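What the coordinates show
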Amino acid sequence: MQVRFWGSRGSLPASITNKMIEAKILKAVQASRSFELETDEAIKTFIQNELPFAVRGGYGGNTSCVELSNAGGYILCDAGTGLRDFGNQYMKAKIAGQSKMSNIFHLFISHLHWDHIQGFPFFTPAFITGNQVHIYGLHADMEKAFINQQNAPSFPVPLQAMGADISFHVLDPGSSYHVAGMNVTGMKQNHPGDSYGYCFQQDGKKVVYSTDSEHKENAWDDHYEFIEFFKNADLLIFDAQYSFLDAVDTKENWGHSSNLLAVELAVRAGVQRLCLFHHEHTFDDEALDQVLSDTCKYHKLHDSSCPLSIYLAYDGLKIDL
Ligand SMILES: [Zn+2]
Ligand SMILES: [Zn+2]
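As the structure is a computational prediction, the values presented were derived from the model and not from experiment. (Residues numbered from 1 in each chain as written. Chains lettered and ligands numbered in written order. Predicted model: local features only at pLDDT ≥ 70, side-chain atom pairs only at ≥ 80, totals over all residues.)

1. Quick word on the overall build of the chain
- In terms of regular secondary structure, the chain is built from nine helices and 14 strands.
- Taken over the C-alpha atoms alone, the chain extends approximately 60 × 50 × 40 Å along its principal axes.
- Out of the 321 residues belonging to the chain, those deemed buried represent 39%.
- Long-range contacts, defined here as pairs at least 24 residues apart, represent 71% of the contacts in the chain between residues at least 6 apart. (Helix = DSSP H or I, 4+ residues; strand = E, 2+ residues; numbered from the N terminus. Buried ≥ 20, exposed ≤ 12 C-beta atoms within 10 Å, placed from the backbone. Contact = placed C-beta atoms within 7 Å.)

The structure is reproduced here in structure tokens:
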């Protein structure tokens, strides 16, 4: 199974400014001073080996969308602006004539806040007759929210005018479903208006997508229900939008969690890979590099004997399981 991140930001898309790009170029040129960079190959090696990720690249600005590759069709978690890029890449591959591409898309929606549905009006495959788009969620008013998002005066093309066969499936939390070769279970999470996490299992692999979820004091209980939900996951995608201080103080009850709590819960649940997700939209790439470095340090202090791999999601990140 491969997991690919198309959108990793929380709350709002975050674009990069010309000043940010200039600052990256300045740092890259400064860092290059003591290197002999006569050939393109030497420059490429320097970029890859000597520059931090925040300088040589960046985390991207799309809102939530994560793809789980699967032979039974496309499985996507959330329809934030990252869904547009997934759709565009799919169309490019389709036009290039790649055979055996499925035209069935399964979208699992955590909740109906804008940053989790706003990419759908720009999802090109949904405009094509003959394609099937299945939208799953646990909110009873999910279809209404998708329709309203595209109604006048907010958008020029109503949902009903999109050419694909679009259907909505309201699931029950706690029940298991078999979709496109995967077993899927939803779990209710603490977030304004509720959100749902999803556990996907196939061929002995387990991926948990748990965004927009605030964990409270009961997270330290021995039998905290999320420990079971995350148990032995090969990959846990976790809402770590806030710093620990923000999560317990100024932004308490805003519906998100911290990077430190992510480590605590992942270690207790025996997770193999932890991917921090739903990044604060006001953080630039350096601030996000710092979040990753702080999280790794905290893990070492907390329990270095636990072999947890820690990632910070970026648009384009692929994780093979
Ligand atoms: Zn969100
Ligand atoms: Zn939300």
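2. Considering the pairing of strand 1 (residues 2–7)
- When strand 1 meets strand 14 (residues 318–320), the two strands line up antiparallel, connected through three bridges. Residue pairing for strand 14: Arg4 is matched across the bridge by Lys318.
- Of the pairings in the sheet, the one linking strand 1 to strand 2 (residues 65–68) comprises four bridges and is antiparallel in character. Paired with Phe5 across the strands is Val66, a residue of strand 2. (Pairing = 2+ DSSP bridges.)

3. A look at the sheet that holds strand 8 (residues 182–189)
- Spatially, 7-8-9-10-11-12-13 is the arrangement adopted by the seven strands of the open sheet, whose pairing is mixed. Bordering the open sheet on either side are strand 7 (176–179) and strand 13 (309–312), each of which pairs with just one other strand. Averaged over all neighbouring strand pairs, the angle between strand axes comes to 20°, with direction disregarded.
- Two strands pair when backbone bridges link them, and strand 12 (residues 273–277) and strand 13 are joined in this way by four bridges, in the parallel orientation. Looking at strand 13, one finds that Cys275 is bridged to Tyr311.
- The strands that helix 8 (residues 259–268) touches are strand 11 (235–239) and strand 12; relative to strand 12, the one it contacts most, it runs at about 155°.
- Helix 9 (residues 285–303) rests against strand 12 and strand 13 of the sheet, and its axis sits at about 165° to strand 13. (Axes fitted to C-alpha atoms, helices over the stretch in contact; angles between N-to-C directions.)

4. With respect to the domain arrangement of the chain
- Segmentation of the chain into domains returns domain 1 (2–15 + 58–320) and domain 2 (18–56).
- Inter-centroid distance (C-alpha atoms) of domain 1 to domain 2 is 32 Å. (Domains from an automatic or database assignment.)

5. Observations concerning the packing of helix 8 against helix 9
- In the contact formed by helix 8 and helix 9, the axes pass within 9 Å of each other and the chain directions differ by 40°. With respect to their mutual orientation, helix 8 and helix 9 come out oblique. Helix 8 and helix 9 meet at a crossing whose hand is right-handed. Of the residues in helix 9, those in contact with Asn259, Leu260, Val263 and Val267 of helix 8 are Val291, Asp294, Thr295, Tyr298, His299, His302 and Asp303.
- The residue inventory of the contact of helix 8 with helix 9, partitioned by class, reads five nonpolar, four polar and two charged. (Parallel < 35°, antiparallel > 145°, perpendicular 65-115°, else oblique. Left-handed = near helix turned anticlockwise from the far one by under 90°. Nonpolar A, V, L, I, M, F, W, Y, C, P; charged D, E, K, R; others polar.)

6. Quick look at the sheet that holds strand 2
- Across the sheet, which stays open at both edges, the seven strands sit in the order 6-5-4-3-2-1-14 with mixed pairing between neighbours. Of all strands in the sheet, those bounded by a partner on one side alone are strand 6 (165–170) and strand 14. Mean inter-strand twist for the sheet, computed between neighbouring axes without regard to direction, equals 20°.
- Both strand 5 (residues 132–137) and strand 6 contribute to a ladder of six bridges, which runs parallel. Pairing of Gln132 across the sheet is with Asp165, part of strand 6.
- On top of the sheet, helix 4 (residues 82–95) reaches strand 1, strand 2 and strand 3 (74–77); it is set at about 120° to strand 1, its chief contact.

7. Some points on helix 1 (residues 18–31)
- Here helix 1 is 14 residues long and its end C-alpha atoms lie 20 Å apart, about the 20 Å a rise of 1.5 Å per residue gives.
- Little of helix 1 is tucked away, with zero of its 14 residues classed as buried. (Expected span 1.5 Å × (residues − 1).)

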